[in-house]
Amino acid sequence: MKILVIEDDKTVGEYVRRGLDEAGYHVDLVGDGDEGLRRASGKGSSYDMMVLDLRLPRLSGIEVLRTLRDRGVGLPVLVLTAQDSVDFKVQALRMGADDYVTKPFAFEELLARVEALGRRPKAIAPPTLKVNGLVLDTGSREVTRDGKRIELTPKEYAVLEYLMRHQGRVMSRTLITEYAWDYHFDPGTNIVDVVITRLRKKIDQAKEPKLIHTVRGVGYVVRT
Amino acid sequence: MESIRGRLTLWYATALILSIAVFAVVLYFARRSATYQDLDRRIQSEADLTAGILAESYRARGTLVEKDTSGRPFLTAEVAAVLEVVPDYLLVTSRDGRLLFASPDARALTFGEFEQLITITQPPTGAGSHTTGRYRVAPNGPTLHYIVRAVPDAGDQFGAIFAGANTRSAELQLEQLVLTILVAFFVGVVPAILVGGWLAGRAMEPVDRMITEVREITDGRSLHRRLAMPMARDELARLAETVNQMMTRLERSFAALRRFTADASHELKTPLTVVRAGVERAITRPGMPQEALAPLEETLQQVNRMTELLDSLLTLARADEGRAELHREPVDMREIVEEAGETGELLAEHAGVGIEIRLPAEPLVLAVDRSRIRQLALNLIENAVKYTPRGGQVSVELAGNDGRVVFTVADTGIGIAPGDLPHVFDRFWRADSARTRTSERAGTGLGLAICKWIAEAHGGTIEVQSRPGRGTTFTVGLPRTETSSH
């Protein structure tokens, strides 16, 4: 799956490119609207999706979008915008954008929207996540360990799913909070710690090996 | 008086009444003095006439005083007949003080009253001079203006002439005058005040119109409109012009604020995105040493806090302009509160606080902005847990009655001082003394301001009740009618 990213800020562009690359997408990054438009609507264009920053030098994102749609290109477009006002988003959607992500965004959010737009969640996120005897079915939202069913509350499920999706990697408290709660919800107290305590009781208590590990001062990791 | 119109009318009426009163008083006294002068002239001429008749008769006939059989003196009948026609009170006495003649009016008096008059009728000391005075005949009798004069050219038969006139007629004239003034006052002044009030109202009418227009314009959405300019170049036209100029400047500064809001969004958020991107990439890179992860996590947390603050500021800035933006959709309020409730339970568990969440059995579907209402619920629940000491209790309740959905968050926490209560929804407000003491970190100070905006943007209300040491209750009421319109 090929994605064209049009973003003039090199750091952000590179971040999106590498992130999507790691998630298994083929990504091309261009820095301005003219170039992006040429690539997306040119002959032999083989892109499956476009990630478009709305504020670009010379040709603005809105103009790129309008020209693209005028030329009859139906490529799904995910818009990146710093404007979180509703009317601005509505304007972008009217111009033919398929979805938007507001800056600054967590990469997880961008990825989720790209997956949704690309309509291929299965290839990116397997329906069943497994770590040792712990199995999480993202379709039925069922969790079992060694075949025994474990009942989880929605937040417990969300935290566990996030950690299992990135098994073996340290996920910081902030990243976990962002994923399981609203992006801007920052309760100050370490609510993640409370959820982890509960998860440990349900998953790791009296079982070996322990699957949830603490990384002091940072966050947690799920691994054997 | 609440209005200029009322004050104008009051001043006008006072001035009118005062000037008419002064005029009436002056008129009355002038009229009074003229009336009494007339009276005095009348008795003077009566006395002079009598003296003349007596002198004339004396020159023609010599003696004028005869004596009756009992030796009592009286005025010769022919002369008496002439004096009979003189009006008012007329007495003529002899040199030894005995009465020679009394006019019909005088004769009508009682004996005692009559005797009194005679004692007054003493000839004045200097020849040709006279005395004047005022004399009340009896407690209820007539008051007389009188003159007493000598009779120099009639031999030595006469003592003095007393001429007096009743003041009653003069008093009657003055009473008439007072009555006329009073009638004129009421007939003239009352309509004049009414007309004055009406005129003042008419004069103020354009001002009222202007007030209405300005109010319509300044609701935040129609700043491009201007006041209609009156035709005349009067004070009101100048006022309208000034207001219009002011509105032009307001419009400009609002536009500048809008531009700033948009620019700030972009200029501040793009660098934040860059920072975030770098930190997130580094933090999720496999094999990063743990010493490096901790500061990265700290940075990420601060980036999020800054983003949150920025979002709150921009939201409130837009709300100030009246551009409240809500993405409404039908939502079962129970879902939102349940989800926020679970977070509340986690927070409460961490803080050692009990929490109870009561939801109605039936769905409560409202057309609301889901993420905003969620923010509202989370904010209130988080606050309640934060300011409730270990062992306390937090109750969250969602209830729907006829026209409203009521969301209540009550705690048994430290409470808010009565003096601080009116300010809890103010921006950046924090009761530094008490409310930050138990908190692990200070919030942005915008949470409750945002909550208030969210409730009001949905057409609802937010209220707070609190007693220090006992706890705080926040009540959010949302109108239910919105469901049908969306």
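What counts, and where the lines are drawn
Residues numbered from 1 in each chain as written. Chains lettered and ligands numbered in written order. Predicted model: local features only at pLDDT ≥ 70, side-chain atom pairs only at ≥ 80, totals over all residues. Pairing = 2+ DSSP bridges. Helix = DSSP H or I, 4+ residues; strand = E, 2+ residues; numbered from the N terminus. Axes fitted to C-alpha atoms, helices over the stretch in contact; angles between N-to-C directions. Contact = placed C-beta atoms within 7 Å. Nonpolar A, V, L, I, M, F, W, Y, C, P; charged D, E, K, R; others polar. Parallel < 35°, antiparallel > 145°, perpendicular 65-115°, else oblique. Left-handed = near helix turned anticlockwise from the far one by under 90°. Expected span 1.5 Å × (residues − 1). Buried ≥ 20, exposed ≤ 12 C-beta atoms within 10 Å, placed from the backbone. pLDDT = per-residue confidence, 0-100.

I keep staring at the sheet that holds strand β1 (residues 2-6) of chain A and nothing clicks. Help me out?
Remark on secondary structure: sheet strands pair via backbone hydrogen bonds, oriented parallel or antiparallel. All names here are of chain A. Here we have 5 strands laid out as an open sheet, ordered β2-β1-β3-β4-β5, and parallel in their pairing. Every interior strand has two partners, whereas the edge strands, β2 (26-30) and β5 (99-102), have only one. Pairwise comparison of adjacent strand axes, ignoring direction, gives a mean angle of 20° for this sheet. Bridge count for strand β3 (residues 49-53) against strand β4 (residues 77-81) is 4 bridges, and the pairing is parallel.

Honestly, the interface of chain A and chain B in this entry has me stumped. Any pointers?
A common measure of how large an interface is: the accessible area buried when the components associate. Residue-level contacts link 39 residues of chain A with 44 residues of chain B. Those elements that place two or more of their residues in the side of chain A that touches chain B are α1 (10-22), α4 (86-94), α7 (154-165), α8 (173-180) and α9 (191-203) of chain A. Here the side of chain A that touches chain B gets 4 residues from one element, more than from any other, and that element is α1(A). Of the residues that constitute the side of chain A that touches chain B, the class distribution is 17 nonpolar, 11 polar and 11 charged.

Explain the packing of helix α8 (residues 333-351) of chain B against helix α9 (residues 370-386) of chain B to me, please; I cannot follow it from the model alone.
To characterise two packed helices, one gives the angle between the axes of the helices and the distance between these axes. Residues and elements named next belong to chain B. Two numbers describe how α8 lies on α9: the axes approach to 9 Å, and their chain directions differ by 25°. Accordingly, the angle class assigned to the pair α8 and α9 is roughly parallel. In this structure, α8 crosses over α9, and the sense of that crossing is right-handed. In this structure, α8 contributes Ile336, Val337, Ala340, Thr343, Gly344, Leu347, Ala348 and Ala351 to the contact, and α9 contributes Arg370, Ile373, Arg374, Ala377, Leu378, Ile381, Glu382 and Val385.

Would you mind going over the packing of helix α2 (residues 33-41) of chain A against helix α3 (residues 61-70) of chain A with me for this structure?
Residues and elements named next belong to chain A. Packing of α2 against α3 brings their axes to within 10 Å, and their N-to-C directions diverge by 20°. Taken together, the axis directions place α2 and α3 in an arrangement best described as roughly parallel. Crossing geometry of α2 relative to α3 is assigned as right-handed. Here α2 contributes Gly33, Gly36, Leu37, Ala40 and Ser41 to the contact with α3, which in turn contributes Gly61, Glu63, Val64, Thr67 and Leu68.

Looking at this structure, I do not really get α8(B). What am I missing?
Quick reminder: α-helices carry 3.6 residues per turn. Residues three or four places apart thus point the same way. All names here are of chain B. Given a rise of 1.5 Å per residue, 19 residues ought to cover 27 Å, and the 26 Å separating the end C-alpha atoms of α8 matches this to within 8%. If you check which residues of α8 are buried, you get Met333, Ile336, Val337, Ala340, Gly341, Thr343, Gly344, Glu345, Leu346, Leu347, Ala348 and Ala351. In the segment just after α8, Gly352 is the residue with positive phi, at about 70°.

Even after reading the chapter, I still don't get the confidence of the model for chain B, so can you show me in this structure?
Predicted coordinates in areas of low pLDDT are best not read in detail. All names here are of chain B. Per-residue confidence for chain B gives a mean pLDDT of 83, with 92% of residues at or over 70. Below a pLDDT of 50 lies the segment residues 434-441, which in the model reaches 13 contacts outside its immediate sequence neighbourhood of four places, other chains included. Every residue in residues 482-486 is under pLDDT 50, and counting partners more than four places away or in other chains gives 10 contacts. Scored as a whole, the predicted complex attains pTM 0.61, and scored at its interfaces, ipTM 0.73.

Whenever I open this one, the sheet that holds strand β6 (residues 143-150) of chain B confuses me. Can you help?
Residue and element names in this part refer to chain B. Strand order in the open sheet formed by 5 strands is β4-β3-β7-β6-β5, and the pairing between neighbours is antiparallel. Across the chains shown, the open sheet's two edge strands, defined by having one partner strand only, are β4 (99-102) and β5 (130-136). Strand-to-strand twist in this sheet, taken as the mean axis angle between neighbours without regard to direction, amounts to 20°. Packed on one face of the sheet, helix α1 (residues 4-61) meets β3 (89-94), β6 and β7 (158-166) and runs near 150° to β7.

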